[in-house]
Amino acid sequence: MTRYAMAVDLDLCQGCRGCMVACKVENNTVEGNFWMYVFRFEAGTYPDTKITFLPRPCQHCDNAPCVKVCPVGARFKREDGLVLTDADRCIGCRYCELACPYGVNYFNWQKPEKAQYAIVDWRDESIESVTGGLIPPYKNPDLDELWGDEQRRTAGGGHAKGVMEKCTFCVHRVEKGLEPACVDSCPTNALVFGDLDDPDTPMSRYLRENRTWQLLEEAGTRPRVYYVGGTPPTRHQTEIERPKATV
Amino acid sequence: MPETFLGMPEITRRGFVKGSAVAAGTAVVASTFLFKTLDGVAVAESVAAQGAVEDFIATTCWIGKQDCGMIARRIDGRVVKFEGNPTNPRNVGTLCPKGHAQIQAVYDPNRVKWPLIRTNEKGVTGEWRRASWDEALDLVAEKVNEVRARNPKLVLWQKGRSKAKDFYDDAFVKSIGATKIGHGAFCSDAGYRALEYTLGPHAVLHPDFRYCDYMLSWGWNITGAGGNKFCWLTWPRHMVKARERGMKITHLDPRLRSAGPFADTWLPIRPGTDLAMAMALCRELIAHGYLDRPYLTTYTNAPMLVKSDGMILKTTVGEGEEAEEIGLVWDEASGAAVPFGDAESPALEGEFEVEGEKVKPGFQLFIEHVDAYTPEFAAEITGLTADQIRRVADEFGSHAKIGATIVVDGVEVPYRPVGIMAYHMTQQDLGFQTARAITMVPMLVGAVGAAGGQMVDFTWKIHKNYAKFEKIKVEDPPYDFQLKNSKYFPINTGHPGIVAQTMIDPDRWGVEEIPEVAILHMVNPLASFPSRPEYLKSYMKFKFVVDINPWLSETADYFADVVLPAATIEKYEGPTSATDQYIDAVTMRIPPMEPMFESRGEIDIYMDLTERMGVLYGEGGYLSIVNKELKLTGTEFELPLDQKPEVRHIFDQWAKGQGIEEGVAYFEDPNHGVYIKGPMKPAEIYGYVTEVPFGGVIHRLYGESLLDAQRQMIEKGAEKIYWQDYTAFPTWRPQTMDSSPSEYEFVLLSYHQIEHKQTRTSFIPMLAELAPGAPLDMNPASAARLGLREGDTVTVESHNAITGETRRLTTSLTLIESIRPDTVAMPHHFGMWTHPQNEGQGPSANEIYFTGEGYTSSTADQTFHVKVKVTKGGDA
Amino acid sequence: MKVEKSLPQGVGKFTPGWIVFIAVAMVVLIIGVLAYLYEANMGLIVTGMANIGTQGGATWGLYVVMVEYFIGVSLAGIVLVAFAHVFDIKALRAISRLALLLTTCSLMVGLLAVLIDLGTPIRGIINMILYVRPQSPFFGTFTLVAVGVLLSSLMYLYLDGRRDAAYLADIDSGLRWYHRLWAAGYGDTQAEQERHRRTMFWLSILIVPFVIVALSTEGLVFGIQVGRPGWFGALQAPDFIILAAASGLANLIVLTAIVRRVLKDDSTLIGPAVFKWLGGLLLAATAAAVYLQIVELVTMLYATPGNERLLADALLRGPYAWIFWSGLFLVVFGLTLLVTQAARRQWSLGVLIIASVAISTSVVAERYLTVIPSQTHGMMLPYEPGSYFPTWVEFAVVAGMFALGALLIGLFMKVFPIIPLDGKRAEQEVLVDA
Ligand SMILES: Nc1nc2c(c(=O)[nH]1)N[C@H]1C(S)=C(S)[C@@H](COP(=O)(O)OP(=O)(O)OC[C@H]3O[C@@H](n4cnc5c(=O)[nH]c(N)nc54)[C@H](O)[C@@H]3O)O[C@H]1N2
Ligand SMILES: Nc1nc2c(c(=O)[nH]1)N[C@H]1C(S)=C(S)[C@@H](COP(=O)(O)OP(=O)(O)OC[C@H]3O[C@@H](n4cnc5c(=O)[nH]c(N)nc54)[C@H](O)[C@@H]3O)O[C@H]1N2
Ligand code: SF4
Ligand code: SF4
Ligand code: SF4
Ligand code: SF4
Ligand code: SF4
Ligand SMILES: [Mo]
């Protein structure tokens, strides 16, 4: 069996937020939605201060509260561990978002085309002549496909008004044998992804060779994301450099 | 499908009449309206099944300065994503946020779509009419030729932060005989001058991360910018690997944010005081005997005997053509002064008498010079504690392993695993001398050019300036408009701000001719460079300005007569080194798609322009210079001089000339994209083991010719403010800004952000989302004292200590603990207005920085510091 | 001269006052509907909601507050009637239909609010049928509350009204068909009366625990969320019930007073005993609510540093303080009024209404504080606190909900007597000029 997991090495993370943009371009997420989010924290008082970074994708929990509360089974966990949202089934009740202790869910408050960086007029004639009117112009066709044994619409293409979305562990890439976009792009290789059940994957090796911890272990969610180095976040940290995050 | 209220497909009249089955259809309409696609209703198809063609092409990042290798994924010729090219040593398959986000820039409808010709007066926001390429190019060629006919040097070709290899713009400049200026001291050229002077290569400091154990991150924006040579990604990759090995980092910076979590120790140094810090470190290293005497005596002028007038005691060796002046050193073995290089044991300390004249080795003078820089003295200046300074010196000295060697690729190399990363330390009042001072720290322990130690360039190639600086010329007016060899800036870093000033008031500077035409290429002075008022005045004096730019730059908005739309990534550009310092490789930018709109690559534009100007063909023409620059001259791949080639063909010839059979196709192939030449050899990297060690030059610890230049400047009547820093050793003096009234209590500095590149990204929506604008960072303690709170609108007023002028900007306040309480900081990158996305992004520190006396110093250095006061309120 | 029976309590007669009332309600409802259509077209973007976490918003907003409020309000009516039946409290008989009506209408509006809040409402209904997962709390809302409570209250209303319907079915009016339908062959024979009484008794016995369980799921919606500090806990369900009782009774008092006023001639039907009962019950519920509030306040004051502390700060001195403190003030104020009246054994209708309005408003505030702050200030990761404020669209839609409820009650009053006619038949016969 395949059991996918991700490791985040905080000793390597530069807080560059490249993973956030990689995810956005790959998954065509709209403005203000960060399936991958990188906290930048500051703690202490001058001159004894500390700055730390913390990337936060969906934790793809084994005991996922978001799955439990979904009234229609739109949020489900696959056998390989991916926690996905079926965009064709979701009724937009937003229970999963409230149930998730990590704040990783993003609801589509409006038509995604309208939320796609509306500052830019993607309907510009000379652009449409190249893109055929797609919004965004870099629209990824993989996202419209059905994936997995279940053949459900689970990749980012679910972007539709009134429907929930979140990090998919890049199901459409993983199924093609590629690494998730954020992992693939990380300049310092702070993100690792792979099969836990295969002892030879970098992922398994990573877990063997490092001491790991998990986000909000106390919530009992049993995440599939393992952190290496650093320390769990606390309320003594203040978030600095928050992105503009409007809906 | 057009949509109406409720998002229902519009029911056309015909459709309505025909569709009597509206009721039946309601279910269908409702299902698309409210369900979008219910289970099973929509059957998605795979890319292939959708009938789309997917392919990949290699290219390089267009935003950053290190041209990371990228693979573009295309669907039916439309680029949908850029990913890192795994074979490129610089980025190894990874990308930074800008690398990804540039896809939005490519498709930005706010690019300049077609040539524009100005229809209103200059000095205000431009009004434009669309022109054909023919009309625009003809107009530019005519205007430029008019001036060229009189004096081609009065055609100013100006470029900012360069990218790729500049063969094609050099060919343009040379073929039309124009004057070329770059960003100069607005980036770090003062630092380049300092190292050309001190060590020889055209370089700035960076450590050998492969072996380094202890690094001073000296104003290195580790997590935010690039440092030297690279844009961002490569150094940090090396750094995290070095840290995994156990390398320790001490971070000297008024802000901790730049080092993020990577500083093992943070020393929040007061801005602009780095020279004093470096001299104190030198003093402590000497005091504790952390000295590499063999290095100092063999490769530096430290043992050379200096007379009481400050000049080195020299003798002539060789005869006739071969004759060469060489300094004398005191040989302890023979007890006599002998030519440098001939001594068995050259003295570094002491006082000697040679031919009745009292002389001291340069190093003795250095000891005496740095003696005043006690840790206590430096602590006072730098705002650090004496203990902190001692500790750094001790750590640096003890980690240096003086005397050790290591075998690298079979070659034994001196091993000094201590190094410094310092690039923008030249962006301060004492910039040039600060860069020299910081270089002296690793020099003392022999770490320069050692394994694990102080690297400079990627190779130890000696720049022609090294020899030039042996004798610095100070001439009488008239000067050229850059003030080269002038009594003001005898070593001239190249400073667009000076051009602006000489244009405004040529008489004051003894300048007779000022440029008449400007061709702007990848530069936006009005937004990127300090002191906007100078540009506003000087650019009005140009008779004709053309901007070659994918966007309407602020400079073009006010001053361009013609704007020619350049392509972004959709063009051929290169070749570019792809080395990461350890692997040698070359790559180039390939258009991943047709240029958007009517934009064109610069090479196309320059070929068309030179053709119209009559300098494309023939010997000395554009093509012949391209041949030379690409080393095609005399080879079978030489471009014929009588016909205009396709740009792709030029690169094809170049690639074939490199021995790559497939030609440019090799670089287009997503499996390649990069031509790897192999590992860099120790003899290329380490100065100690190059063919002739250190390229055969003597490192200048003692700056004799600087002192000489000072005397000439005084003699020519230059004011003290110009000559004061031309000293043989870096010498601390209070900064100009320190004499601003005490109410201007903060130093304002600016920094680069990882999400943005200079002024060319703030309008890319995904980046603007991550780093939305330019707040003022302040320590909460200072804010509390001033009664200011997070998010407050504040007015920042700067003061020019020389002229008394004040300037103001308004922005919002951000509180951060990790900054000195006497320092405030703003991110660079903003303050623009031509793009709709610029709305609300806030101002640029450049609006209130100063150039000119006191702020442009020494070698035409530019400080990015100014004293400011911060008050609540203001109109944002 | 001919003796003719006419419809009682103004049923079937359209007075100018009633028309104005209906017109106003219609206008508000239409505005609400238009606002909703706008929202359906644009998406929930037109509300003040945003995602929790990085967007610093609340993903459940005023609509869910109203769901909680309306479903809470619905509880009191049906329980009260059941209570009256079981213990045979005659005094409450007069308002039994009114109470059931309040339950039914507020439930319908509450459930409508659930749909209004969905991202894809129609798909919501269909997928709930196709794919429903009984383990989810939403299932509770939809099945137990929607189907269970709503159907039982409707059935209750129906059975309870059959006798009157049978009586009205004898009267010649345009509504006769309707009354006949309702009466459905009920003949008011001795046997029928007895059967009716027994059914009502057992129904009442059964309905109380069922309704309490069903409505507790509404509290559990919050109580089982591990990810939300301030929500996760066992008190959510009892808290919900107590507040539900208080708000339900308060609304019933106001509604009863209005009906009493409107019915003028028939107003004597609702005697002071009714208000005494209602006032007493409201006093008990409010006292319990205040007790819970104080327990909560004390817990908050001692909240340990961390997420609960942040939340407590937000409530006690942060952005929600004004709601928290005014809510607390209102409920204590209401309680004080009730206590003084009870002590003096003298119930003034005016004061009772003031107390009821105060208490009902405080429950809205309390519901708001249950739903919203845990989202904006209850993140377990150190996100910056967020904020939420409803937009005009949400206010308009909510106003529409109230209007719809009022409209339903208003319309009901014109088709059926709002006060049971039991034993008063003879008095309803009046002389009419031929
Ligand atoms: N306050 C403050 N000022 C600074 C700095 C700072 O830290 N603080 N940093 C300084 C430094 S280090 C530097 S290097 C300078 C850089 O200063 P510049 O080189 O002037 O700035 P850029 O923003 O890189 O580029 C300017 C213009 O190039 C255009 N451009 C972008 N791509 C292309 C292209 O492919 N072709 C053509 N033809 N044009 C293109 C952009 O649209 C823009 O108008 O700024 C300096 N200014
Ligand atoms: N993301 C990104 N990367 C870039 C660029 C970009 O715009 N964006 N630009 C590229 C270019 S052109 C360049 S030149 C490089 C620049 O690369 P860096 O030199 O690394 O970048 P800066 O942001 O200028 O960093 C200057 C640091 O020096 C600190 N500092 C300021 N004044 C003083 C002082 O007086 N003393 C000391 N000790 N520290 C001081 C500042 O706080 C800041 O942290 O980056 C390159 N890479
Ligand atoms: S891309 Fe890598 S280094 Fe950058 S923020 Fe993400 S995890 Fe950290
Ligand atoms: S992180 Fe949240 S959304 Fe992701 S699986 Fe866990 S509970 Fe669900
Ligand atoms: S919003 Fe969608 S995925 Fe989330 S719980 Fe509701 S139906 Fe399930
Ligand atoms: S795994 Fe994919 S979807 Fe998840 S954060 Fe990374 S890029 Fe985004
Ligand atoms: S580091 Fe520079 S060159 Fe590399 S992807 Fe980022 S912006 Fe481009
Ligand atoms: Mo630069």
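Residues numbered from 1 in each chain as written. Chains lettered and ligands numbered in written order. Predicted model: local features only at pLDDT ≥ 70, side-chain atom pairs only at ≥ 80, totals over all residues. Heavy atoms only, no water.

K.L.:
Explain the interface of chain A and chain B residue by residue, including any values.
P.N.:
Taken together, the contact between chain A and chain B spans 67 residues of the former and 69 residues of the latter. Each partner contributes to the roughly 5,600 Å² buried at the junction of chain A and chain B, and carbon and sulfur atoms together form 58% of this total. Between the two partners, chain A and chain B, sit six salt bridges. Between R40 of chain A and E755 of chain B there is a salt bridge, and its shortest N-O distance comes to 2.7 Å. Linking chain A to chain B there are 21 residue pairs in polar contact (both at pLDDT 80 or more). Contributing elements (two or more residues each) for the side of chain A that touches chain B: α1 (18-27), β2 (37-45), β3 (48-56), α5 (125-131) and α7 (181-185) of chain A. By residue class, the composition of the side of chain A that touches chain B is 29 nonpolar, 13 polar and 25 charged. (Contact = heavy atoms within 4.5 Å. Buried area = accessible area lost by both parts, 1.4 Å probe. Salt bridge = Lys/Arg side-chain N within 4 Å of Asp/Glu carboxyl O. Polar contact = N/O pair within 3.5 Å; in protein donor to acceptor, adjacent residues only side chain to side chain. Helix = DSSP H or I, 4+ residues; strand = E, 2+ residues; numbered from the N terminus. Nonpolar A, V, L, I, M, F, W, Y, C, P; charged D, E, K, R; others polar.)

K.L.:
Explain the pattern of salt bridges to me, and be specific about the residues and the numbers.
P.N.:
Overall, the coordinates contain 82 salt bridges over all chains when judged by the stated rule. Note that R257 of chain B is salt-bridged to E241 of chain A, the shortest N-O span being 2.8 Å. A residue pair is termed interchain when its members come from two chains, as with R257 of chain B in the loop between β10 (248-252) and β11 (265-267) and E241 of chain A in the segment after β11 (238-239). Taking the shortest distance from any N to any O, the salt bridge between R317 of chain C and D313 of chain C comes out at 2.8 Å. Taking the relative accessible area as the measure of exposure, D313 of chain C reaches 24% and is therefore partly exposed. In the salt-bridge network here, residues are joined through shared partners; they are R283, E284, D371, E376, D387 and R390 of chain B. (Buried < 20%, exposed > 50% of the residue type's maximum accessible area, 1.4 Å probe, protein only.)

K.L.:
Help me get a handle on the packing of aromatic side chains, residues and values and all.
P.N.:
In this structure the tally under the stated criterion is 77 aromatic pairs over all chains. Three or more aromatic residues joined by ring pairs make a cluster, and in this case those are F186, F529, Y535, Y539, F542, Y558, F559, W833, Y849 and F864 of chain B. A cation over an aromatic ring shows up here: R89 of chain A above the ring of Y131 of chain C, its NZ or CZ 3.4 Å from the ring centre. Directly above the ring of W114 of chain B sits R130 of chain B, whose terminal nitrogen or CZ lies 3.6 Å from the centroid. (Phe/Tyr/Trp six-rings, centres within 6.5 Å; stacked < 30°, edge-to-face > 60°. Lys NZ or Arg CZ within 6 Å of the ring centre and 35° of its normal.)

K.L.:
Describe in detail empty space enclosed by the protein, supporting the description with residues and values.
P.N.:
Per the counting criterion, the structure on display carries 15 cavities of 30 Å³ or more. Looking at the largest cavity, its volume works out to about 140 Å³. In terms of lining, the largest cavity is formed by 13 residues, of which the most central are Y95 of chain A together with W60, V64, V114 and F138 of chain C. Within the residue set of the lining of the largest cavity, elements represented by two or more residues are α2 (62-87), α3 (96-117), α5 (137-169) and α7 (190-223) of chain C. Top contributing element to the lining of the largest cavity by residue count: α2 of chain C, with three residues. Of the residues assigned to the lining of the largest cavity, the class counts are nine nonpolar, one polar and three charged. (1 Å grid on protein atoms, 1.4 Å probe; cavity = no way out; pocket = protein on both sides within 12 Å on 5 of 7 lines; lining within 4 Å. Points joined across faces, edges and corners; volume = space filled by probe spheres on them.)

K.L.:
Would you mind going over the site of ligand 1 in detail, with residue names and values included?
P.N.:
Residues and elements named next belong to chain B. Of all residues adjacent to ligand 1, which total 31 residues, the nearest are R161, S528, K571, E602 and N846. A distance of 3.1 Å is found between an oxygen atom of ligand 1 and a backbone nitrogen or oxygen belonging to N524. In the environment of ligand 1, a nitrogen atom lies 2.7 Å from a nitrogen or oxygen atom belonging to the side chain of S750. Grouping the constituent residues of the shell around ligand 1 by class yields twelve nonpolar, 15 polar and four charged. (Near = heavy atom within 4 Å.)

K.L.:
So what's going on with the sheet that holds strand β7 (residues 179-181) of chain B? Residues and values would help.
P.N.:
All names here are of chain B. On the basis of which strands lie adjacent, the open sheet formed by seven strands has the order β5-β4-β24-β23-β22-β6-β7 and mixed pairing. The sheet is open, and its two edges are formed by β5 (128-130) and β7, each paired on a single side. For this sheet the average axis-to-axis angle between neighbouring strands, irrespective of direction, equals 20°. With respect to the sheet, helix α20 (residues 602-613) is in contact with β6 (155-159), β22 (517-521), β23 (544-549) and β24 (562-565), its orientation differing from that of β23 by roughly 145°. (Pairing = 2+ DSSP bridges. Axes fitted to C-alpha atoms, helices over the stretch in contact; angles between N-to-C directions.)

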